[in-house]
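Here is what each chain is made of, one letter per residue.
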Amino acid sequence: MAYHRRALRLRKNIFVALFGLIFAAFMLSSLAVAPAAHADEVGTDEYDYAISGFVKFQDEPLDGVLIKVEGNGYNAEVKTGADGKWKIGVPEAGTYTVTLVEDTLPEGVIVAEEGKDVAEVTFGQSKTKAMNFFLGQGERVTVSFFDQFLDRAFNGLSFGLLLALASIGLSLVFGTTGLVNFAHAEMLTFGAFMTFTFGPVLGFPIWLAIPIAVLLTGLFGFLNDYALWRPLRKRRVGIVQMMIVSIGLSITLRYLYQYIYGGQTEQLPGATGAEVITVGPISFTIVDVWSMSISIVLLFAVAFFLTRTRIGKATRAVSDNSALAAVSGINVERVTSIVWIISGLLAGTGGILWAYFRPGVNWDMGFQLLLLIFAAVILGGIGTAFGALVGSLIVGMFVELSTLWLPSDMKYVGALGILILVLLVRPQGILGRKERVG
Amino acid sequence: MDWGSLFTNAAYEIISPTTAAYALAAMGLAVHFGYTGLLNFGQAGFMAVGAYGFAISTLTFGFPWWAALLTGIAASVVLALILGIPTLRLRADYLAIVTIAAAEIVRLLFTTNTFAAVTGSAAGLSGYKTSWQAMNPIPAGNYNIGPWVRDHNEVWLLIVAWGLVGLAALLIWLLMRSPWGRVIKGIREDEDAVRALGKNVYSYKMQSLVLGGAMGAFAGMVFVLPRSVQPGNFQPTLTFFIYAILLLGGAATIFGPIIGSMIFWTLLSIFSGFTARAVEIGWLPFMTSLQAGQVRFILVGIALMVIVIYRPQGIFGSKKELAFVKQ
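What you are looking at is a predicted structure, and each value in this text was computed from that prediction instead of being measured.

1. Let's talk about the interface of chain A and chain B
So, point 1. Residue-level contacts link 44 residues of chain A with 47 residues of chain B.
So, point 2. For the side of chain A that touches chain B, the leading source of residues is helix H5 (residues 239-261) of chain A, giving 15 residues.
So, point 3. For the side of chain A that touches chain B, the per-class residue count stands at 30 nonpolar, 11 polar and 3 charged.

2. Quick notes on the nonpolar core
So, point 1. Formed by 201 residues in total, the largest nonpolar core has its most connected members in A:Ala375, A:Leu419, B:Leu24 and B:Ala101.
So, point 2. When residues in this core are grouped by element, the largest group, 15 residues, is from helix H9 (residues 332-357) of chain A.
So, point 3. The residues touching B:Ala101, leaving out its near neighbours within four places in the chain, are A:Leu371, A:Phe374, A:Ala375, A:Leu416, A:Leu419 and A:Ile420.
So, point 4. Within the second largest apolar cluster, 20 residues are counted, among which are A:Leu62, A:Val69, A:Tyr96 and A:Leu135.

3. Overview of the packing of helix H3 (residues 184-201) of chain A against H9(A)
Residues and elements named next belong to chain A.
So, point 1. Orientation of H3 relative to H9, taken along the N-to-C sense of each, is 65 degrees, at an axis distance of 7 Å. Crossing geometry of H3 relative to H9 is assigned as right-handed. On H9, the residues that touch His184, Met187, Leu188, Thr189, Phe190, Gly191, Ala192 and Thr195 of H3 are Gly344, Ala347, Gly348, Thr349, Gly350, Gly351, Ile352, Trp354 and Ala355.
So, point 2. For the contact of H3 with H9, the residue count by class is 8 nonpolar, 9 polar and no charged.

4. Description of the confidence of the model for chain B
So, point 1. Per-residue pLDDT for chain B averages 90, and the proportion of residues at 70 or more is 98%.
So, point 2. Both scores are available for the predicted complex, with the pTM at 0.79 and the ipTM at 0.91.

5. Digging into helix H3 (residues 43-59) of chain B
So, point 1. Over its 17 residues, H3(B) runs 24 Å from end to end, which matches the ideal 24 Å to within 8%, given 1.5 Å per residue.
So, point 2. In terms of burial, H3(B) is a largely internal element, 16 of the 17 residues being buried.

6. A look at the sheet that holds strand E10 (residues 118-122) of chain A
Residue and element names in this part refer to chain A.
So, point 1. Spatially, 4 strands are ordered E6-E5-E8-E10 in an open sheet, and the strand pairing comes out antiparallel. Either end of the sheet is taken by a strand with one partner, and the two such strands are strand E6 (74-79) and E10. Averaged over neighbouring strand pairs, the angle between their axes works out to 20 degrees when direction is ignored.
So, point 2. Two elements, strand E5 (residues 66-71) and E6, share 6 bridges in a ladder whose sense is antiparallel. In the sheet register, Lys68 faces E6, and the bridge partner there is Glu77.

7. Quick look at the environment of A:Leu165
Residues and elements named next belong to chain A.
So, point 1. Turning to its location among the elements, Leu165 is positioned in helix H2 (residues 145-177).
So, point 2. Measuring from C-alpha to C-alpha, the distance between Leu165 and Phe220 comes to 16 Å, with 55 residues separating the pair along the chain.
So, point 3. With near-sequence residues (within four places) excluded, Leu165 lies in contact with Ser295, Leu298, Leu346, Thr349, Gly350 and Leu353.

8. Considerations on the sheet that holds strand E1 (residues 41-42) of chain A
In any sheet, the strands associate via hydrogen bonds between backbone groups, in a parallel or an antiparallel arrangement.
So, point 1. Within the open sheet, the 4 strands sit side by side as E1-E7-E2-E11 (chain A). Their pairing is mixed. Only two strands of the sheet have a single partner each, and these edge strands are E1 and strand E11 (128-130) of chain A.

Conventions we followed
Residues numbered from 1 in each chain as written. Chains lettered and ligands numbered in written order. Predicted model: local features only at pLDDT ≥ 70, side-chain atom pairs only at ≥ 80, totals over all residues. Contact = placed C-beta atoms within 7 Å. Helix = DSSP H or I, 4+ residues; strand = E, 2+ residues; numbered from the N terminus. Nonpolar A, V, L, I, M, F, W, Y, C, P; charged D, E, K, R; others polar. Core = buried A, V, L, I, M, F, W, Y, C linked by C-beta atoms within 7 Å. Buried ≥ 20, exposed ≤ 12 C-beta atoms within 10 Å, placed from the backbone. Axes fitted to C-alpha atoms, helices over the stretch in contact; angles between N-to-C directions. Left-handed = near helix turned anticlockwise from the far one by under 90°. pLDDT = per-residue confidence, 0-100. Expected span 1.5 Å × (residues − 1). Pairing = 2+ DSSP bridges.

Now the structure itself:
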């Protein structure tokens, strides 16, 4: 997670000079010993597949750090070489657990985030897999609870805003057609992959690749409706049936993405390594500023569209009661098409921002967010756009702030827990109306 | 190129323990979804608590296999109760979202490093089979089952797994022709009508959730006996595949889930075997062997869509028992 590294970078600055010196000395001494101090490759001759990595701290390679790989009934260990590199051959593609033995790190260096000394590696397309650990200072500089709270709340706001972009489309589609679209998350992934395709792959500048990707996702949303959902509505297919169809679509698209792009995680330009800006206790990058600005502008645009334009009012009317809207002369199918396009545009943008927030683009990145989107939509009141916005901000904040108390690998548990609690106490959500629960 | 093994491997999927596990899980879903009309999208969660209940009680508390089995079942009953209390009054699509969320909570709790000492976190658990294998009455050695040679542990697992499938089928058959089954099916068709007859719909739904969930827990245990417990195996996609199996066979049928599971696994095996070999000898030059493995899941997704749209009753189902089509 980007913000953890940001927080670390803050602490690092204090010690940077000191450690630079220590590691320069360390490097010199290890060079002096002999280059063949450690076997830094194990099993690479016997096996086709390999996991490799580069253990470094503040750009200095670390020597003699013990790495263990376990999984699929196989285990091996290796020490990093003087160049900080290690490589372990594994018998088959699959999932392996890679452990960095913290005791073997030099004094004063630890794995940056607690619990991140163990990681899982799954082979995708390639025969080698890189696994790097983020190292940080051993001496923990204590940050006051209030400062931590502010920093996390800022992240939560950023996350909540991008979640809102993703949620509003789902909620509008539900409102107008009654469909709970499990394949909505795949539109997010689509937006991110299109940005990746037009940006890094085809070489377009990023400011051009992003709008192209967003427009294509809008088109994708339209095609979803035009080619699949509209014919199903014409056949009068039931809502539960449509929901299962959307699950089928979700599976199809996810594995199609994996087929085309492989199982690995790619980065969009500027997603990593941006300069950290610090304002009081809050640290962020220019990417966060862009992300939040884009979200806020788009959310205002949606609000304007829904409350001030004719077609937006028609959308709300259809969402409220589509039969009544139809008899009062609103073209429900046209409104539905527009809702799908908007849903696609917003989801595409949300997906790109999510790719910057995580950071990374991979085949199931959207699906990882799907349940949080559901939580946000239900919390706010399913079928209402403003409910989705409120719900998203609450869920986003909650997810980030919960890391003050919960370990970060459990932060989604809290958000999914409130989803269940809301249904227990107020199933129609914050802004929803009771009759929708039926 | 060994084409013969393609078919013997695929044919083994008809009787493999994994097929039996998926069949059991699908039968649990048949009780929930096919007979009661409950849209449970958290079957993976029931399988996870069953598997982890078995493994953790063996490894951490040293329970013998039968106590471990009871723990797994008890865990699934508890999950059903926790899940059922807030959600069984809700509309179908809400229930779907809550159950999938609950299953994810379960999976995340088993994955987190916080409880790694007990759950093994992302690496999962293994080594819980000793007591189970010790009570195996079959003498050690290799046995011929048709064209396949399997060791005594696998044979024992096959007997138990398919025995469980048979018992579950018998149980569902008996229940669904009993007064209890008629109430359950009545709830699926028209909840209000059943309520008007003075039945406690909520309580019946809860009983159905517990019963199907317990079958899910059995499925989870059968699923992990030939392998290790990995939290990554219990993702929502597992539930989706079980839905595909159930809808392929027929949601409100006894044999639908069983035959569905056999067809699902056999086709997957034939397909992956075929594409892998075809890629190897250069018939599909545009595809790598890894991609060949993914094509089958693309096809599972498409098959799920096509079945639900064009033949929602599945292979064995009757159009009369399809409350979910018109809602």
